[in-house]
Amino acid sequence: MTAPLATPQRVACTLFYKAHPDHPPAGVVPTDDLKNYPLEPPTPGPNPLDNLYGAYISQSCLTDFFLTLSNALPGFHENTVVQKALDSERWPRVMEITFALPSPTSLEALRKDEIVSRFEREWSVEAVFQHEGVYRRHKRLAVFDMDSTLIQQEVIDEIARHIGVEDAVSAITAAAMNGELDFEASLRKRCGLLAGVPVTVWENIRKLISPTPGAVDLVRALKRLGYKTAVLSGGFTPVTGWFAQQLGLDYAFANHLVVSEDGQSLTGELTGEIVHAERKRQHVREIAEKEGILLEQVLVVGDGANDLPMMGIAGLGVAFNAKARVQMEAPARLNQESLLNVLYLLGITKAEQDELLKQ
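Rules of the game
Residues numbered from 1 in each chain as written. Predicted model: local features only at pLDDT ≥ 70, side-chain atom pairs only at ≥ 80, totals over all residues. Heavy atoms only, no water. Axes fitted to C-alpha atoms, helices over the stretch in contact; angles between N-to-C directions. Helix = DSSP H or I, 4+ residues; strand = E, 2+ residues; numbered from the N terminus. Parallel < 35°, antiparallel > 145°, perpendicular 65-115°, else oblique. Left-handed = near helix turned anticlockwise from the far one by under 90°. Contact = heavy atoms within 4.5 Å. Core = buried A, V, L, I, M, F, W, Y, C linked by side-chain atoms within 4.5 Å. Buried < 20%, exposed > 50% of the residue type's maximum accessible area, 1.4 Å probe, protein only. Domains from an automatic or database assignment. 1 Å grid on protein atoms, 1.4 Å probe; cavity = no way out; pocket = protein on both sides within 12 Å on 5 of 7 lines; lining within 4 Å. Points joined across faces, edges and corners; volume = space filled by probe spheres on them. Nonpolar A, V, L, I, M, F, W, Y, C, P; charged D, E, K, R; others polar. Pairing = 2+ DSSP bridges. UniProt positions renumbered as here; feature names shortened; annotations may be inferred. Salt bridge = Lys/Arg side-chain N within 4 Å of Asp/Glu carboxyl O. Right-handed = clockwise from strand over helix to strand, strands pointing away. Polar contact = N/O pair within 3.5 Å; in protein donor to acceptor, adjacent residues only side chain to side chain.

## Observations regarding the packing of helix H8 (residues 201-208) against helix H10 (residues 237-247)
As a packed pair, H8 and H10 sit with axes 10 Å apart at the nearest point and diverge in direction by 45°. Here H10 runs oblique to H8, going by the angle between their axes. Note that H8 runs across H10; the crossing there is right-handed. Mapping the contact onto sequence places Trp202, Ile205 and Arg206 in H8 and Pro238, Val239 and Trp242 in H10.

## Examining the nonpolar core
In globular proteins that are soluble, nonpolar side chains generally tend to be buried together. Residues Leu150, Val155, Ile159, Trp202 and Phe236 are the most contacted members of the largest nonpolar core, which totals 57 residues. Top element by residues in this core is helix H9 (residues 215-224). It accounts for five residues. Counting residues domain by domain, this core receives three or more from each of domain 1 (10-131) and domain 2 (141-153 + 210-357). In this structure, Val155 is in contact with Asp147, Trp202, Ile205, Ile209, Phe236 and Val239, ignoring residues within four places of it in sequence. Ranked by size, the runner-up nonpolar core spans 27 residues in total, among them Leu15, Leu73, Phe99 and Trp123.

## Side note on empty space enclosed by the protein
In this structure the tally under the stated criterion is two cavities of 30 Å³ or more. Of the pockets and cavities examined, the largest cavity occupies roughly 150 Å³. If you go around the largest cavity, you meet 16 residues; those closest to its centre are Asp147, Glu154, Phe183, Gly234 and Gly235. Counting only elements with at least two residues in the lining of the largest cavity, the list comes to helix H6 (166-177), helix H7 (183-192) and strand S6 (228-236). Ranked by residues supplied to the lining of the largest cavity, first place goes to S6 with four residues. Of the residues in the lining of the largest cavity, the class split is five nonpolar, five polar and six charged.

## Examining the sheet that holds strand S1 (residues 10-17)
Spatial ordering of the open sheet is given by S2-S3-S1-S4, a layout of four strands whose pairing is antiparallel. Looking along the sheet, the strands with just one partner apiece sit at the ends: strand S2 (82-85) and strand S4 (125-131). Sheet twist, expressed as the average angle between the axes of neighbouring strands with direction ignored, equals 20°. In the sheet, S1 pairs with strand S3 (residues 94-100) via seven bridges, with the strands oriented antiparallel.

## A few points about the UniProt feature "active site" (unreviewed entry) in the protein
Within this numbering scheme, the UniProt entry marks Asp145 and Asp147 as carrying the feature "active site" (unreviewed entry). Considering only the annotated residues already named, the ones lining the largest cavity are Asp145 and Asp147. Leave out the neighbours within four places in its chain, and Asp145 touches Leu150, Val231, Leu232, Ser233, Lys280, Val301, Gly302, Asp303, Asp307 and Met310. Structurally, the position occupied by Asp147 is in the loop between strand S5 (141-144) and helix H5 (155-161).

## Observations concerning the pattern of salt bridges
One pass over the full model with this rule turns up 20 salt bridges. Taking the shortest distance from any N to any O, the salt bridge between Arg136 and Glu132 comes out at 2.5 Å. Note on Arg136: relative accessible area 3%, which makes it buried. Owing to a relative accessible area of 23%, Glu132 belongs among the partly exposed residues under this scheme. Close ionic contact of Lys280 with Asp145 constitutes a salt bridge, the shortest N to O distance being 3.0 Å. Of the two residues, Lys280 is situated in helix H11 (residues 277-291) and Asp145 in the loop between S5 and H5; the sequence distance between them amounts to 135 residues. Residue Lys280 shares its accessibility class with Asp145, and that shared class is buried. Put simply, Glu96, Glu132, Arg136 and Arg137 are held in one network by salt bridges that share partners.

## Overview of the pairing of strand S10 (residues 316-320)
The buried fraction of S10 is high, at five of five residues. Neither face of S10 is left uncovered, since the one carrying Leu316, Val318 and Phe320 and the one carrying Gly317 and Ala319 both have all their residues buried. Where strand S9 (residues 298-302) and S10 come together, four bridges link them in parallel fashion. Each bridged residue has a counterpart across the sheet, and for Val300 the counterpart in S10 is Gly317. Note that the unit made of S9, helix H12 (residues 308-313) and S10 has a crossover that is right-handed. Pairing of S10 with strand S11 (residues 332-334), which is carried by three bridges, proceeds in the parallel orientation. Opposite Ala319, over in S11, you have Arg333 as the bridge partner. Following the backbone out of S10, through helix H13 (residues 324-329) and into the adjacent parallel S11, one traces a crossover that is right-handed.

## A look at the side chain of Asp303
As for its placement among the helices and strands, Asp303 is situated in the loop between S9 and H12. Judged by its relative accessible area of 1%, Asp303 falls in the buried class. Within the structure, Asp303 has its side chain in polar contact with the side chain of Thr149 (distance 3.2 Å). Sequence-distant contacts of Asp303, defined by excluding residues within four places in its chain, comprise Asp145, Asp147, Ser148, Thr149, Glu154, Met311, Phe320, Asn321, Ala322, Lys323 and Val326.

Spelled out as structure tokens, the structure:
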């Protein structure tokens with residue numbers, strides 16, 4: 001008896017147009033070597049600026065994308081493709097394209113293929129690949145890093161400004177987030193520079209915190225879909241816990257700074273468990289298990305090297321506007337202004353987003 005043929009694994013690719021004021025007119029291929037590409041006549045966009053600068057994914061772009069896939073994936077068949085505009089049918093800036101992944105092609109290899117990278121550069125788009133399936137569209141837990149992810153600041157850098165050691169702390173922070181230094185050792189080193197800072201600093205820091213564009217709406221939309229939400233931060237509990245309450249998150253974990261015996265200042269020391277890379281990953285496992293949620297139904301968003309382990313066990317791990325090394329190693333990377341664009345990765349259209357965000 002002949003065994004049934006295995007169903008080909010499908011891939012979902014979300015294509016984002018990366019708008020830029022220097023982009024060429026709509027429909028023109030952004031490359032110096034135009035003889036190898038067809039040109040389309042400029043098409044008016046939905047606002048006056050679109051008449052000057054291309055701001056949508058054209059049919060030529062899609063045609064070249066399918067050619068790119070053919071070159072990167074031996075055995076790729078365009079007849080397996082299903083495409084859908086997620087924001088605008090006429091002037092799409094975000095497209096969802098699903099297709100059968102030829103066996104035994106690796107999705108990881110496709111993400112890093114130089115042919116795909118060249119296509120992204122030439123067309124000023126970003127291609128985000130992930131496995132297609134029911135769990136892509138039906139996540140149940142969203143986990144976020146905090147500094148430079150949910151918020152625009154690095155909290156420890158803000159504290160350092162109060163005592164004039166900003167440059168020293170920022171240099172250590174950048175090296176740690178890029179994976180050049182051990183996170184826990186670098187954290188203790190930075191905290192040592194904060195000795196003597198008045199505890200009133202937390203009140204001042206909270207006034208400086210600004211959410212990343214789209215962060216508040218993203219959490220609001222996810223909660224309306226029934227998601228459990230969490231923030232796992234290498235920062236500090238007085239800020240992380242406060243901000244988690246502002247957003248209505250279900251879980252918040254961060255580090256604890258020791259306060260002097262008189263309760264007036266920070267000692268520069270840490271107490272309790274350090275929320276480093278491995279601990280973040282363990283927290284994701286523990287929260288998912290507690291809530292009865294499969295790891296395939298977990299979304300993780302972060303920007304630092306210490307976020308990579310928790311991204312790696314999630315159904316979808318996204319490096320959002322991340323450091324260079326993190327973008328190379330993350331399961332997926334998204335370089336967009338608004339965190340709300342994460343919803344497109346879940347296949348949620350602009351119209352559906354608007355519906356979720358209604359008062």
